[in-house]
Amino acid sequence: MRVEEQNKSTKKTHPVKYKDNDLQQTVIVKDDEKYEKLDLVLDEYEDVEGSLVTVLHQAQKIFGHLSRDVQIYVAERLGVPFAEVYGVVSFYSLFTVQPRGEYTIEVCMGTACYVKGSGKILEKLKSQLGIEPGETTEDGKYTLETTRCLGACSLAPIIKIGDDVHGNITAEQISEILTKY
Amino acid sequence: MKGGKILTTKMHLLVCTGSACLSAKAKGIAETLREELHKNNLESQYRVIETGCIGSCELGPKIIVSPEEIMYHGLTPDDVKQIVQEHLINGQIVEKFLYEVPETGEKKATLNEISFFKNQIKIALRNCGFINPVQIEDYLATGGYQALTQVLHQMTPEQVIETVKRSGLRGRGGGGFPTGIKWELTRKSELKNKKMDTKYVICNADEGDPGAFMDRSILEGDPHSVLEAMAIAGFAIGSRQGYVYVRAEYGLAVERLDAAIKIAKRYGALGNNIFDSDFSFDIEIRIGAGAFVCGEETALMNSVMGHRGHPRPKPPFPAQKGLWNKPTLINNVETLANIPIIILKGGDWYRQYGTEKSPGTKVFALTGDINNTGLIEVPMGTTLRTIVFDLGGGIPDEREFKAAQIGGPSGGVLTREHLDIPLDYDSLLEIGAMVGSGGLVIMDETSCMVDIAKFYLDFTQDESCGKCTPCRVGTKRMLEILMRIVDGEGQEEDLEELESLSVLIKDTSLCGLGLSAPNPVLSTMKYFRDEYEAHILDRYCPAGVCNIKPKYRIDPETCTGCGLCAKVCPENVIKGEKRKPHQIDSEACKKCGLCYEKCPVGAITRGESRKHLSIGGVR
């Protein structure tokens, strides 16, 4: 994909349409509103030293994931190479370049949860949803993830669906829990 | 246990709203409580305080009626109505919701009667669970920001450093480096341009060790103590800017810290000319993005600057060249939480707790197979036995204590023989473990130690940043061997290979992650070698965790043909003539292991025969 040379002193325009050279097709992006939100974030952090990680957090909150477009946009506004932005995005496990499902199910794989059988819970979720960790169900409803210790060790084993924490659960309870979403 | 005495005529109803209790719907409890007080016109007599974590997380949600400190736990909104009616209105303690001692069934009303609480000395956690974490008034009422006032108006930076040195406080993040000396080194580092540049103070709240959550609890329960300590540190080393680097997973901690910073600025405890002195200090939050290696200080600094979290070789140490190449002081949350009270009460006061070389107290996160899980703060040098059996209430389901994993992925295991050694920095190093961040995962006999070692290596291997080869490739090779062993395909030379790889990785890795990554393997191999051997030689997992299907065989040379095995076999798959060697039909065998247990001459082996394997390890 080619990035249009733009005048650095003016504000970047939002990428609405571009030619994807890899796919040989035109992709239309209609995220104007989201880019406006991102602009507000960038306005705030543009001159703050070392704010890349913070900006990417906000961008991911707005877009749900960090597409190549968004990364390029952030790179240009912050005046850093795209390679650096991509380097940071790929380094940290919480950044994702893939679109996410409506709910992210996080299975805690911390020691306390592991000792209390989180492995079985993950197996159950994998078979029930038919996806592996990191994948999203076809209907776009759930994304399955394993996560590092969430620090709620006394409720082990726990899973987090969206913002809800379900603690002290067993593999048998999974079906019932999922019906709530 | 002395908590906050807050100056008001109202009685206090403390509702724990730490992460664990919030997951157990503590917010609803607090709301119901307020509604009920309103309905019964009790609002003028009672104040509901949503506190941070009080430590006994598995009991949540709970209400503590202060000042008597009567605790009700495991509550639902309906239970709250009953408590308001019976306790607050009729003055009767509601026995049903009191804590019950697991062994005896005896009910305990107040915190001081419960062994989990009465054996603790709370210094770092002094306010957690007793005050509203965000409201600055609550913090002030417990003596908050007095230390900062004293430092700014009555002390020189040198005196502050001297007090911290005197206390003997050592870094609670795992390293155990003396905090006062770190401060002194950073103070002595000169800035090139004193007018333009500044040194930095970083609070390391990237608590990545699985099974440790004390830093999260302090940030959630008493964020002002950390802010105050950072300002004191800033004054001591000559810095104007601080950063708190928090894990992104700790949403609530970030939220409360952010609120606390804003309030502190409004109050004049942060910002320009703090408390009318010439000292100015500001704090910003930086949020991690899921990389364990960022707990290592040089990686952390890269992350604060918005880069990939790669570590770099030391020296130069952060005290000389840190954030943006300026001298930087990095302290862990728990370390900082101790500072204000050390300033107020003096170094000697702090030294009265703990051991000579490891003074003070340490917070441990007690989890795993234990009755009372949660956070505890005990003097350094307390024995594992006291923690597990007195505070922790022993092992549930009448099982036996097998091991405790201390210090997370960098630490090691403690076994039954270590129950009576003092837990402090030096004694633990001697036996190949470390205090680390203070995660203490208790395991009963249903845990397989090889599996645990594999778990930790899986973790470090995945979290290795990839910068240096020993850590990137070495941990991968070690993990492959461990995977092979737990799958029942281990080879006899694997143990030697694991050992030599461990030594190599420890000798040559760049940062703390690699240097300590082999520790769980080395330590489990040292104390549970028989379990490794059982996996490799007998193709058998003693704890029954690993998915190995042992293959039972009868050694024809040893078998006397007594027929006992055939008699006990529930599946009738063992055949043979009397006084002649018997055989097992391995296709039909259900692997119950009865024959193995009963054989009087030990002729039955699991998996490959030991003899067969031991010929130079060649199969």
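All values reported here derive from a predicted model rather than from experimental measurement.

Brief notes about helix α6 (residues 146-154) of chain B
Among all positions of α6(B), only B:A147, B:L148, B:V151 and B:L152 are buried. The buried residues of α6(B) occupy an angular sector of 125 degrees when the element is viewed end-on, so they sit on one face.

Some details on the confidence of the model for chain A
All names here are of chain A. Averaged over all residues, the pLDDT of chain A equals 84, while 83% of them reach at least 70. For chain A, strand β2 (residues 25-28) is the element with the lowest average pLDDT, namely 50, and helix α4 (residues 82-91) is the one with the highest, namely 95. Scored below 50 in pLDDT, residues 1-10 makes 14 contacts in the model with residues more than four places away or belonging to other chains.

A short note on a nonpolar patch on the surface
On the surface, a nonpolar cluster with roughly 260 Å² of combined accessible area is contributed by B:F177, B:I181 and B:L185. Residue placement: B:F177 occurs in the loop between α7 (157-167) and α8 (179-188).

Structural notes on the packing of aromatic side chains
The final tally for this structure, using the stated rule, is 24 aromatic pairs over all chains. Pairing A:F91 with A:Y92 gives two aromatic rings, centres 4.9 Å apart and planes at 80 degrees, and the pair type is edge-to-face. A:F91 gets classed as buried once you look at its relative accessible area, which sits at 13%. Judged by its relative accessible area of 1%, A:Y92 is buried. Ring geometry for B:F455 against B:Y456: centres 5.2 Å apart, planes inclined by 75 degrees, an arrangement best described as edge-to-face. Like B:F455, the residue B:Y456 is buried in the burial classification. The structure contains a cluster of three or more aromatic residues connected by ring pairs, namely B:Y139, B:Y145, B:Y267 and B:F275. The aromatic ring of B:Y250 is capped on one face by B:R216, whose charged end is 6.0 Å from the ring centroid. Here B:K362 stacks its cationic end above the ring of B:F364, 6.0 Å away from the centre of that ring.

Here we look at the pattern of salt bridges
Under the counting rule described, the total for this entry stands at 39 salt bridges over all chains. Note that B:R399 and B:D444 form a salt bridge whose closest N and O atoms lie 3.3 Å from each other. One end of the pair, B:R399, is in the loop between α15 (384-391) and β13 (401-406); the other, B:D444, is in strand β15 (residues 439-444), and 45 residues separate them in sequence. Here B:D444 falls in the buried class, since its relative accessible area comes to 2%. In this structure, B:K402 and B:E531 form a salt bridge, with 2.6 Å as the shortest nitrogen-oxygen distance. Taken as a pair, B:K402 in strand β13 and B:E531 in helix α22 (residues 529-537) lie far apart in primary sequence, 129 residues in all. The two residues B:K402 and B:E531 agree in class, both being buried. Each of A:D39, A:D43, A:E46 and A:R77 takes part in salt bridges that share partners, so that together they form one network.

Structural notes on a negative patch on the surface
Together, B:E492, B:E493, B:E496 and B:E497 line one region of the surface with negative charge. Tracing the sequence through the fold places B:E496 in helix α19 (residues 494-508).

Some words on the interface of chain B and chain A
Each side of the interface is counted separately: chain B has 47 residues, and chain A has 32 residues. Approximately 3,200 Å² of surface area, both sides summed, lies buried where chain B meets chain A, with 58% of it carried by carbon and sulfur atoms. Looking at the side of chain B facing chain A, the largest losses of area belong to B:A289, B:R308 and B:F455, adding up to 19% of the total buried there. Inspection of the chain B/chain A interface yields 2 salt bridges. The residue A:R148 makes a salt bridge to B:D462 at a minimum N-O spacing of 2.6 Å. Counting the contacts that link chain B with chain A gives 17 residue pairs in polar contact (both at pLDDT 80 or more). Contributions of two or more residues to the side of chain B that touches chain A are made by α1 (19-23), β9 (282-287), α12 (297-304), β11 (361-368), β15 and α17 (449-463) of chain B. The residue inventory of the side of chain B that touches chain A, partitioned by class, reads 22 nonpolar, 13 polar and 12 charged.

Rules used in this analysis
Residues numbered from 1 in each chain as written. Chains lettered and ligands numbered in written order. Predicted model: local features only at pLDDT ≥ 70, side-chain atom pairs only at ≥ 80, totals over all residues. Heavy atoms only, no water. Buried < 20%, exposed > 50% of the residue type's maximum accessible area, 1.4 Å probe, protein only. Helix = DSSP H or I, 4+ residues; strand = E, 2+ residues; numbered from the N terminus. Arc of directions from axis to C-beta. pLDDT = per-residue confidence, 0-100. Contact = heavy atoms within 4.5 Å. Patch = residues over 30% accessible without salt bridge, like charges linked within 9 Å, V, L, I, M, F, W, Y side chains within 5 Å. Areas by Shrake-Rupley, 256 points an atom, 1.4 Å probe, with all protein chains shown as cover. Salt bridge = Lys/Arg side-chain N within 4 Å of Asp/Glu carboxyl O. Phe/Tyr/Trp six-rings, centres within 6.5 Å; stacked < 30°, edge-to-face > 60°. Lys NZ or Arg CZ within 6 Å of the ring centre and 35° of its normal. Lys, Arg positive; Asp, Glu negative; His and termini not counted. Charge placed at Lys NZ, Arg CZ, Asp CG, Glu CD. Buried area = accessible area lost by both parts, 1.4 Å probe. Polar contact = N/O pair within 3.5 Å; in protein donor to acceptor, adjacent residues only side chain to side chain. Nonpolar A, V, L, I, M, F, W, Y, C, P; charged D, E, K, R; others polar.

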